[in-house]
Amino acid sequence: MFTRWTNYSEYLKRRHGHSVYRIGVDGGFSCPNRRSDKTGGCAFCDGTGSVAVYQRKAESGYTRLSSYDAEVASGILKPQLTIREEIERGRSFLKRRYGAEGFALCFQSYTNTYDTVDNLRRKYDEALSVIDFEEFIVSTRPDTVPDDVLSLLSSYRTERRDVWVEFGLQSADDSTLEYINRGHDTACYLDAVTRAHEHGLLVSTHIILGLPGEGRESFIRSAEMLNRAGSDAVKIHNLHITGGTELADEYLDGVITAMSEERTLEAVELFLRHLAPEIIVERMISETPYHRLIAPRKFPDKSKFLSHLDARMTRNNTRQGDCYEKR
Ligand code: SF4
């Protein structure tokens, strides 16, 4: 077990008495940051909207050894299964693979609060009726959470079940947010986290390390932004250049680069050292399927990366929060 950062799976075990596995579903939502013809959007977004790999039936033949496939990578994925089918498929996969007992429902594809309250309620109710989920997670943008949606989400909280909102922030620098066309600024994020907390919701924040023009100071600022917001958890992504994105064009033109493993280890360690110790770390690196990934191609898998990070932090005698100053 890793002890140099605040581990998500250990948190879930303490909270529920057993491991809890996430089932990601695509509720058929779109994204306010993409145009109706599916163009536009964030410069790093390939339009798949983070659909879980095991839900991509048409791509199940690809593996970690697969080469980049430009045709698949530029295709937009449509939901193929109903929400109920996705959950049942996810549950049977997780039971078979890990012997899973507890489950978290995660609406993870695109912007999962981008609809009327009635439609959201209908989809959330349908999904939550399939299994007795112990965690309910909704991934969205900070500019798409009006108070009536937060009230709806709050209504799903029980003594046994927490409700989380996952906000994509990506960077603490407004100039970077503009460059990558996020369509919101950091003030919008801070306001959304405050209102989510006022509704009794827990908040997780997505951060990308290695965005164009960003370095050590930016990584520290990102950690400090999460501390200031009081985010309950973080998902760290190292920048992945995926096919069919604006950043792919810039990468292929030689304008930007993707961090190597060594640089990513250094960035993640620095970020963690400045992150408040109580913030739960849900993810350390991106996991783009290899047939969609242009760069970085030479990178260890998640478990090796975590071992390398742990070894590095042990060697350096560093840990999450050791540079954190409460303000
Ligand atoms: S908000 Fe999410 S789905 Fe929308 S363009 Fe950005 S990354 Fe893609």
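Just so it is clear, the model here is predicted, and its values are computed rather than measured.

> Mind showing me how you'd approach the pairing of strand β5 (residues 202-209) here?
Consecutive residues of a regular strand have side chains that alternate between opposite faces of the sheet. Of all eight residues that make up β5, six are buried, and the element is covered over most of its length. Bridge count for strand β4 (residues 162-170) against β5 is six bridges, and the pairing is parallel. Note on β5: the bridge partner recorded for F167 is T205. The sheet contact formed by β5 and strand β6 (residues 233-238) spans six bridges and is parallel. Bridge pairing in β6 places I207 opposite I236. On the question of chirality, the crossover connecting β5 to the parallel β6 by way of helix α8 (residues 216-229) is right-handed.

> What is the right way to look at the site of the ligand in this model?
Near the ligand lie eleven residues; those nearest to it are C31, N33, G41, C42 and C45. Classifying every residue of the shell around the ligand by side-chain character gives four nonpolar, five polar and two charged.

> In this structure, what is going on with the sheet that holds strand β8 (residues 280-283)? I would like to understand it.
Within a sheet, each strand pairs with its neighbour through backbone hydrogen bonds, oriented either parallel or antiparallel. The strand order across the open sheet formed by seven strands is β1-β2-β3-β4-β5-β6-β8, and the pairing between neighbours is parallel. The outermost strands of the open sheet, each flanked by one partner alone, are β1 (20-25) and β8. Recorded for the sheet is a direction-independent mean angle of 25 degrees between the axes of neighbouring strands.

> Looking at this structure, I do not really get unusual backbone geometry. What am I missing?
Trans peptide bonds make up the majority, and among non-glycine residues the majority have a negative phi. In this structure, the amide linkage connecting A295 to the following residue, P296, adopts the cis form with an omega of 0 degrees. Relative to the helices and strands, P296 is located in the loop between β9 (293-295) and α11 (302-316). A positive phi angle, near 60 degrees, is found at Y110, a position not held by glycine. If you check the backbone angles, N317 has positive phi at about 50 degrees while not being a glycine.

About the criteria used
- Residues numbered from 1 in each chain as written.
- Predicted model: local features only at pLDDT ≥ 70, side-chain atom pairs only at ≥ 80, totals over all residues.
- Buried ≥ 20, exposed ≤ 12 C-beta atoms within 10 Å, placed from the backbone.
- Helix = DSSP H or I, 4+ residues; strand = E, 2+ residues; numbered from the N terminus.
- Pairing = 2+ DSSP bridges.
- Right-handed = clockwise from strand over helix to strand, strands pointing away.
- Near = placed C-beta within 6 Å.
- Nonpolar A, V, L, I, M, F, W, Y, C, P; charged D, E, K, R; others polar.
- Axes fitted to C-alpha atoms, helices over the stretch in contact; angles between N-to-C directions.

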